[in-house]
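A structural walkthrough
This is what each chain is made of:
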Amino acid sequence: MGRAFVAGLAVLAALTGCTVQTPDGEGKRRSPVHIELPSGTPAPDRTPARGGDASSAAPAPDDDKPSAAPAPPRVLWSRGDTGRDVRELQARLRQVAWLFEGPTGTYGEQTERAVSGFQGKRGLPRTGKTDAVTWQRLVRMTREPGRWDLYLMGGQQADPPDARCRSGRVLCIDKTSRTLRWMIDGRTVSTMAVRFGSQGTPTREGVFSVYWKSRDHVSTLYDSPMPYAMFFSGGQAVHFSADFAARGYAGGSHGCVNVRDERAIAELFAQVRNGDKVVVSW
């Protein structure tokens, strides 16, 4: 009977994951059954003993803690910045009728106001600063500006002067860069933006000379003012154009060389003499 009892305990241990304990080395008997919990079975919760440090228990996660606010978009350009990128920004703002001056290449009050208006219209923070989000929205709404969109109101660099301009007193006019250099003995005294005749009435190219100056001239053919006119070829002259000052390269002349900077051409008119050379080239 004793052997049958022990055999029964062995079977019970095998079925329950238990082991039968034999007497230890000192002949003492331990509990006949030792229960081993299967791997992965959670242990029962333990309550700290009375008077124990309850703070030693793992703290519960703080679900009420607010998450960090997202970082504001990076500012690309703001008031006071200058350069080609600012010109592109201004050219694109002109396309969507938020800016009506320039491009000047300088981020001033008008540009800041235009950016703020554009932002407010599209539910963006009205900072007046062009951040990455504002710029991406504007780019999606506009086309890539061309060279004369960027320099619609002048400001472009002059190309190197024609070789025929390197001696004497010369009005050196370049159709490619749309600039006029006033040169004396190879030295550039001043440079200004100019525009030319349209396709139907082109400005003639070649070497000429100033044959007549007329401070307050009015065209008899077109009945339009031609202040500070310096005639060099028939009825074609270098003169100030209020239309060029207002619209830039969006317009054109009837063959004359238009200057938009009235102060610059007033100074030029005072220096140029009858007989000074005029070179018009591509």
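We now turn to the structure provided with this report.

Analysis parameters
Residues numbered from 1 in each chain as written. Predicted model: local features only at pLDDT ≥ 70, side-chain atom pairs only at ≥ 80, totals over all residues. Heavy atoms only, no water. Helix = DSSP H or I, 4+ residues; strand = E, 2+ residues; numbered from the N terminus. Buried < 20%, exposed > 50% of the residue type's maximum accessible area, 1.4 Å probe, protein only. Contact = heavy atoms within 4.5 Å. Areas by Shrake-Rupley, 256 points an atom, 1.4 Å probe, with all protein chains shown as cover. Disulfide = S-S within 2.5 Å. Polar contact = N/O pair within 3.5 Å; in protein donor to acceptor, adjacent residues only side chain to side chain. Core = buried A, V, L, I, M, F, W, Y, C linked by side-chain atoms within 4.5 Å. 1 Å grid on protein atoms, 1.4 Å probe; cavity = no way out; pocket = protein on both sides within 12 Å on 5 of 7 lines; lining within 4 Å. Points joined across faces, edges and corners; volume = space filled by probe spheres on them. Nonpolar A, V, L, I, M, F, W, Y, C, P; charged D, E, K, R; others polar. Phe/Tyr/Trp six-rings, centres within 6.5 Å; stacked < 30°, edge-to-face > 60°. Lys NZ or Arg CZ within 6 Å of the ring centre and 35° of its normal. Axes fitted to C-alpha atoms, helices over the stretch in contact; angles between N-to-C directions. Parallel < 35°, antiparallel > 145°, perpendicular 65-115°, else oblique.

**Points about the overall build of the protein**
- Looking only at helices and strands, one finds seven helices and 13 strands in the protein.
- Across the 282 residues of the protein, 35% fall into the buried class.
- Within the protein, residue pairs in contact and separated by at least 24 positions form 51% of the contacts whose partners lie at least 6 positions apart.
- About 17,400 Å² of surface is accessible on the protein, with carbon and sulfur atoms providing 53% of the total.

**Remarks on the state of the cysteines**
- If you walk through the whole model with that rule in mind, you get one disulfide.
- Paired through a disulfide, C165 and C172 show a sulfur-sulfur distance of 2.1 Å. On the sign convention where negative means left-handed, the S-S torsion of about 80° between C165 and C172 marks this disulfide as right-handed. In terms of burial, C165 and C172 fall into one category: buried.

**Description of the environment of D81**
- With respect to the helices and strands, the residue D81 is situated in the loop between β3 (75–77) and α2 (84–95).
- A relative accessible area of 29% places D81 in the partly exposed class.
- One polar contact links the side chain of D81 to the main-chain amide nitrogen of S78, over a distance of 2.9 Å.

**What about the environment of G255?**
- Within the fold, G255 resides in the loop between α6 (242–247) and β12 (257–259).
- Residues G255 and Q199 lie 56 residues apart in sequence; the distance between their C-alpha atoms is 9.2 Å.
- Setting aside its immediate chain neighbours within four residues, G255 contacts G197, T201, P202, T203 and Q236.

**Focus on the nonpolar core**
- Grouped together as the largest cluster of nonpolar side chains are 23 residues, with contacts concentrated most on L171, I173, L180, M230, V238, L268 and V278.
- Going through the elements one at a time, β5 (169–174), β6 (179–184), β7 (187–195), β10 (225–233), β11 (236–240), β12, α7 (262–271) and β13 (277–281) are the ones with two or more residues in this core.
- The element best represented in this core is α7, accounting for four residues.
- Apart from residues lying up to four places away in sequence, V278 is in contact with L171, I173, G206, V207, F208, S209, V210 and F232.
- L89, L93, L99 and F118 belong to the second largest nonpolar core, which has eleven residues in total.

**Some words on the layout of surface pockets**
- Of the pockets and cavities examined, the largest pocket occupies roughly 430 Å³.
- Around the largest pocket, the lining is made up of 24 residues, and of these S219, Y222, S224, M226 and C256 lie nearest the centre.
- Of all the secondary-structure elements, those providing two or more residues to the lining of the largest pocket are β9 (212–218), β10, β11 and α6.
- A per-class count over the lining of the largest pocket returns nine nonpolar, 13 polar and two charged.
- Of the pockets and cavities examined, the second largest pocket occupies roughly 240 Å³.
- In this structure, the second largest pocket is lined by 15 residues; those nearest its centre are R178, R195, F196, G197 and W282.

**Description of the packing of aromatic side chains**
- For the structure shown, the criterion picks out seven aromatic pairs.
- Aromatic pair W77 and W135: ring centres 5.0 Å apart, planes at 85°, arrangement edge-to-face. One end of the pair, W77, is in strand β3; the other, W135, is in helix α4 (residues 132–141), and 58 residues separate them in sequence.
- With a relative accessible area of 14%, W77 lands in the buried category.
- Lying over the aromatic face of W148, R178 brings its terminal NZ or CZ to 4.1 Å of the ring centre.

**Re unusual backbone geometry**
- Looking along the chain, the bond that leaves G102 and enters P103 is cis, with omega of 5°.
- Tracing the backbone through its elements, the reader meets P103 in the loop between α2 and α3 (109–121).
- Phi angles above zero are rare outside glycine, and A97 is one such case at about 60°.
- Assignment of secondary structure puts A97 in the loop between α2 and α3.

**Thoughts on the packing of α3 against α4**
- Interhelical geometry of α3 versus α4 gives an angle of 85° and a closest axis separation of 11 Å. Relative to α4, the element α3 lies roughly perpendicular. Residues V115, F118 and Q119 of α3 form the contact with α4, whose own contacting residues are T134, R137, L138 and M141.
- Residues that form the contact of α3 with α4 fall into these classes: four nonpolar, two polar and one charged.

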